[in-house]
Structures are given as structure tokens and as C-alpha cells.
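# Examination of the molecular architecture
Given next are the chains, with one letter for each unit.
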Amino acid sequence: MHDINRDPIEPIHAQFLAARQAQKLWSRISIRERLMFVRKLRWLIAANADALAQKTASIRERPVAEKLASEVLPLADACRWLERKASGVLAARSCAKAGRPLWMRGLSFEVQRQPFGVVLVIGPGNYPLFLPAVHALHALVAGNAVLLKPAPRTREVARAFAKLAHSAGLAPALLTILEDNVEAAQNAINDRPDKVIFTGSSENGRDVLAKLANTNTPAVMELSGEDVVLVLDDADIDLVLRALRFGTHLNGGDTCMAPRRIIAVGSMANDLCSCFAQADFPVPRMERVANTKAALELLSRAHFALGVSIFSRHVEWARALAAEIPSGFVLINDLIVPTADPRMPFCGARASGFGVTRGAEGLLEMTYPHVVAVRRGKSRFHFDEAEPDDVHLSSSYIRAVHGRGGERLRALCDLVPALIHKIRNRKNGR
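Thresholds, definitions, all that
Residues numbered from 1 in each chain as written. Predicted model: local features only at pLDDT ≥ 70, side-chain atom pairs only at ≥ 80, totals over all residues. Heavy atoms only, no water. Helix = DSSP H or I, 4+ residues; strand = E, 2+ residues; numbered from the N terminus. Buried < 20%, exposed > 50% of the residue type's maximum accessible area, 1.4 Å probe, protein only. Contact = heavy atoms within 4.5 Å. Areas by Shrake-Rupley, 256 points an atom, 1.4 Å probe, with all protein chains shown as cover. Lys, Arg positive; Asp, Glu negative; His and termini not counted. Charge placed at Lys NZ, Arg CZ, Asp CG, Glu CD. Pairing = 2+ DSSP bridges. Axes fitted to C-alpha atoms, helices over the stretch in contact; angles between N-to-C directions. Phe/Tyr/Trp six-rings, centres within 6.5 Å; stacked < 30°, edge-to-face > 60°. Salt bridge = Lys/Arg side-chain N within 4 Å of Asp/Glu carboxyl O. Expected span 1.5 Å × (residues − 1). Arc of directions from axis to C-beta. Polar contact = N/O pair within 3.5 Å; in protein donor to acceptor, adjacent residues only side chain to side chain. Core = buried A, V, L, I, M, F, W, Y, C linked by side-chain atoms within 4.5 Å.

### Considerations on the overall build of the protein
Looking only at helices and strands, the protein features 15 helices and 16 strands. The buried share of the protein, taken over its 430 residues, is 46%. The long-range fraction of contacts in the protein, counting pairs at least 24 apart against all pairs at least 6 apart in sequence, stands at 72%. Just so you have it, the protein exposes about 22,100 Å², and 55% of that area is on carbon and sulfur atoms. Counting 56 positive and 44 negative side-chain charges, the protein places the centres of these two groups 10 Å from one another.

Structure representation (C-alpha cells):
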């Protein structure tokens, strides 16, 4: 039986064409105008926070309070960060004289940030509001249109977000919610979006990448994690236990940065084992190591590299270790929550993906650099056909600018007469 509450599904190709047309107009308006809808959207998110959380919580029967804290609040914070910072992040950058090579005299450059066009966001099932909505907002603020393909059973959450965005003034064609099945993603990819943002398992990510490779479509991939909790021998064991209980319970344990492995240093392993016997949560597998060197060796061989948490009373020592850990995010004496700070970029390494979302780096990821160079003056030596004397001139210039010590002075003595000779020949028409 037809559900009258569900909107009719247009063919994806028609939706894609409408998004493409709407994006051309959207990209031409100022960033300030684009951010006006974000502010109104934030107000609407606040006014509808309970309803959004209830709709999101119902998918996997999670507590509403949890979804308010883990999805609605971070989404509102992300909106406010965009309102305050997006203009500066996306502003054009001028490059005039400072640092300009001498042989580029007369040139000025401006580095602009241009939107890709139509961005396909493929959302996850574990955080169906926060993650795809933030990715969509970053893409929209950067001047793109968005096709959002929700995870199975999460389309109504995506539609609720889109309804608020449209009520805030966003043209409907700029944010289209696709069906939540695999075919919708495949059909959208076949229409050749300009960039794809995928969040999901490493296995599904490989399937998406295989399809994108046919058209060389760029992508950001947020993939699986097997996050490690590194417990040093001076850690506060009560804090570690609280963190593990939180991390294994949050969202029913279905969080990409949930703790999957424990690496315990020295005697800490025995202390943890004693405590785990009394624990009221599923305990991640634990590996014992004699020292931090052995722990770093284990981490260096990890297949996934999304996040690592270090627990130690010696923060500076933990910070030094963090610099040696190949991972997108390292947390010290905390777990998962700091990654939701809207100022921070989020990314994985190795099998956990590539590209960046969120923060300034994530906003820039939704654009490509577009350089405009302007040449002033009449000099265009590079247009002239190379002559035998140019070898000596160019060689002298390279040694004068980039040579070491006295070699630069000797090269300069060669360069000046060679340059005078070149200029005289040009004046005499030779």
C-alpha cells in the first residue's frame, strides 16, 4: 500500500540534473548569503531537538538523551562553527611580492576556492543524523549541491534534516534525499557526481572506490576503525574502566571509534585483568607488552588507523608517544567525544580511509584550489626562442640564487654582464 507520507521518488537522473542547475546559481552568491540559511537552520535544529533525537533514537532503540548529546548537539555546534569561520576558511588568498621568485617579477596570484559541483554523500547507519548532515552542510556552504543517500532504514531521519534545511531557506534541489538502498547509490554514481563522501565499512568502501575509479571521481572515505586503548603503567585505572564502559556502551557499541583493542604496558595488564572480572561490560581483547617501545611496534603494524586513546598520569610523556602513533586522531585520557569538536578535522589513515571531513580542513576538502595569475608590465622573456647564450645566463642565475656561500657571489659576477648582454641584444633587435 502506498504511504501518503512518503514523497514520490523522482528518477535519480532528473534529481541530479536539477541539482546541477541549482548549484550553478548557488555557487555564484556570496559565502555570507550562503551562511544565512545555516544560522536559520541552527535555530530550527534547536527548536526541534527533541523530535530529531526521537526519530534518530527509534532506528536502533537508543535512549533519546544519548542521541541529543551524540547527534543533535554536535550538529548544532557544527552549524555555529560554520557561521563563524567558513568565510575566513574559504576566502581568496592573494600572493603578490612576498616570497615571489625574482624571475616571476610582474606576476601576482590569487588562490580561490571553487566548489566541485554536485557532491554525493553516502551516509552511515550508526550516526544517521550527525555525520551525513555535517558532510552535507560543509559541501553546501562551500557552494556545492548535495545528493544524500542515507543508510538503510535511516531515510526518514535524512528527510527530517532536509525539511529543516529547506525551511531555513535552502532551495530543495540543492539538498536531495535519495532512496536508502544500494541501487540508489549505484545509480547516483553512474550519473557522475563531482565528488563522493562515503562513511561506512572498509569492505563497502572498496566497492564504492572500484566504481569511482572508472570515472576518476575524487572521494573522501571514512572507513572502519579498530581503535586501540593504550594503557601506560602509571594510568588511573578507575578512569580507564570508566572510559571503556562508556566506549563499549555508547550507541550500543556501534561507533567507529569504539575501543576494540587494549594494549596494557607492564604491570597494568594484571591490574586490568583483576578489574575486568568484576566489569559489567564486554571487554575488548587485551594485549600485554613489556614497555612503550613494544606498544609502538604493535601500533605501527595496525591495519586500521582511525583513533588511539592513551591513558597516563604523565601527560607530556603521553603527548610524546602520540607523535609516533600513525593514526588520524590520538586522545589522551579521554575517549571518542573530543572527535566531535567542530573545529577539529576528522580522518583516518591506512585501511581506515583517506581525505578529511569537518573543521577547516574538511571544509577545504569540499573545494579545489583555483589559481588566477595576472602578469603586468611588458617583459615576457619566456616567449622568446632560446638562444645559446641563455644557457650561461640561466646557469648563472640558478647558482646566484640557490648556490652556497662564495659560489653565489661568483655566480652573481657572471650573471650581471650576461644579463646586460642579453638586454642590449634585445634592444638592437638581435
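### A look at the sheet that holds strand β12 (residues 307-311)
Overall, parallel pairing links the 5 strands, which are arranged β10-β9-β8-β12-β13 in an open sheet. Both edges of this open sheet fall to β10 (285-289) and β13 (329-332), since each of them pairs with a single strand only. In this sheet, neighbouring strand axes are inclined to one another by 20 degrees on average, regardless of whether the strands run parallel or antiparallel. Sheet analysis places strand β9 (residues 259-265) next to β10, joined by 5 bridges and oriented parallel. Looking across to β10, one finds that isoleucine 262 is bridged to methionine 286. Across the sheet, helix α11 (residues 292-300) lies against β8 (227-231), β9, β10 and β12, angled at about 155 degrees from β9, the strand it touches most. Along the sheet face, helix α12 (residues 315-322) touches β12 and β13 and points at about 170 degrees away from the line of β13.

### A short note on the environment of alanine 349
By the secondary structure assignment, alanine 349 is in strand β14 (residues 349-350). When the C-alpha atoms of alanine 349 and valine 371 are compared, they prove to be 29 Å apart, with 22 residues separating the residues in sequence.

### Regarding the packing of aromatic side chains
Tallied over the full model, the rule gives 4 aromatic pairs. Aromatic pair tryptophan 26 and phenylalanine 37: ring centres 6.1 Å apart, planes at 70 degrees, arrangement edge-to-face. Of this pair, tryptophan 26 sits in helix α1 (residues 12-26) while phenylalanine 37 sits in helix α2 (residues 31-47), and the two are 11 residues apart along the sequence. Phenylalanine 37 carries the same exposure label as tryptophan 26, and that label is buried. Ring plane angle 40 degrees and centroid distance 6.5 Å describe the contact between phenylalanine 329 and phenylalanine 346, whose orientation is recorded as tilted. Note that phenylalanine 329 is positioned in strand β13 and phenylalanine 346 in the loop between β13 and β14, a separation of 17 residues in sequence. You can call phenylalanine 329 buried: its relative accessible area is 14%. Residue classification places phenylalanine 346 among the buried positions, given a relative accessible area of 3%.

### What to know about the sheet that holds strand β1 (residues 93-95)
Spatially, 3 strands are ordered β1-β2-β16 in an open sheet, and the strand pairing comes out antiparallel. Single-partner strands in this sheet number two, and they are β1 and β16 (367-375). With strand direction ignored, the average angle separating the axes of adjacent strands in the sheet is 20 degrees. As judged from the 9 bridges shared by strand β2 (residues 107-115) and β16, these two strands associate in the antiparallel manner. Bridge pairing links proline 115 to threonine 367 in β16.

### Describing the pattern of salt bridges
Think of it this way: side chains of opposite charge can pair up when their charged atoms draw near. Counted according to the given criterion, the structure contains 20 salt bridges. A salt bridge links glutamate 71 to lysine 67; the nearest nitrogen and oxygen atoms lie 2.8 Å apart. One end of the pair, glutamate 71, and the other, lysine 67, are both in helix α4 (residues 64-90), 4 residues apart, so they sit about a helical turn from each other. Classification of glutamate 71 as buried rests on a relative accessible area of 0%. Overall, the relative accessible area of 2% leaves lysine 67 in the buried class. The salt bridge involving lysine 422 is made with aspartate 390; its shortest N-O contact spans 2.9 Å.

### Here we look at the environment of alanine 295
Checked against the element boundaries, alanine 295 lands in helix α11. The exposure class assigned to alanine 295 is buried, which follows from its relative accessible area of 0%. Ignoring anything within four residues of it in the chain, the contact list for alanine 295 reads Leu230, Ile263, Val265 and Val289.

### Comments concerning the pairing of strand β7 (residues 219-222)
Burial along β7 is two-sided: the face carrying Ala219 and Met221 and the face carrying Val220 and Glu222 are both buried. In this sheet, β7 lies alongside strand β6 (residues 195-199) in parallel orientation, the contact comprising 4 bridges. When the bridges of β7 are listed, valine 196 appears paired with alanine 219. Here β7 pairs with strand β15 (residues 353-354) via 2 bridges, running antiparallel. Pairing of glutamate 222 across the sheet is with glycine 353, part of β15.

### Things to note about helix α14 (residues 389-402)
The α-helix winds at 3.6 residues per turn, so residues separated by three or four positions along the chain end up facing the same way. Taking 1.5 Å of rise per residue, 14 residues should cover 20 Å, and α14 covers 20 Å from first to last C-alpha, within 8% of that figure. Looking only at α14, the buried set comprises Asp390, Leu393, Ser396, Tyr397 and Ala400. Buried positions in α14, seen along its axis, are confined to an arc of 130 degrees and lie on one side of it. For α14, the exposed residues lying more than 90 degrees away from the buried face are Val391, Ile398 and His402. Among the structural elements, α15 (406-427) are those in contact with the buried residues of α14.

### As for the side chain of aspartate 191
Note on placement: aspartate 191 falls in the loop between α7 (182-190) and β6. Here aspartate 191 occupies a buried position and makes no salt bridge, while the nearest side chain of opposite charge, arginine 20, is found at 8.5 Å. A distance of 2.8 Å separates a polar atom in the side chain of aspartate 191 from a polar atom in the side chain of histidine 13. Beyond its immediate chain neighbours, meaning those up to four positions away, aspartate 191 contacts Ile12, His13 and Phe16.

### Examining the nonpolar core
Membership of the largest hydrophobic core comes to 97 residues, with the highest contact counts inside it found for Phe37, Leu41 and Leu175. Counting residues per element, this core draws most heavily on α4, at 10 residues. In this structure leucine 41 touches Cys79, Leu137, Phe161, Leu164, Ala165 and Ala168, once residues within four positions along its chain are discounted.

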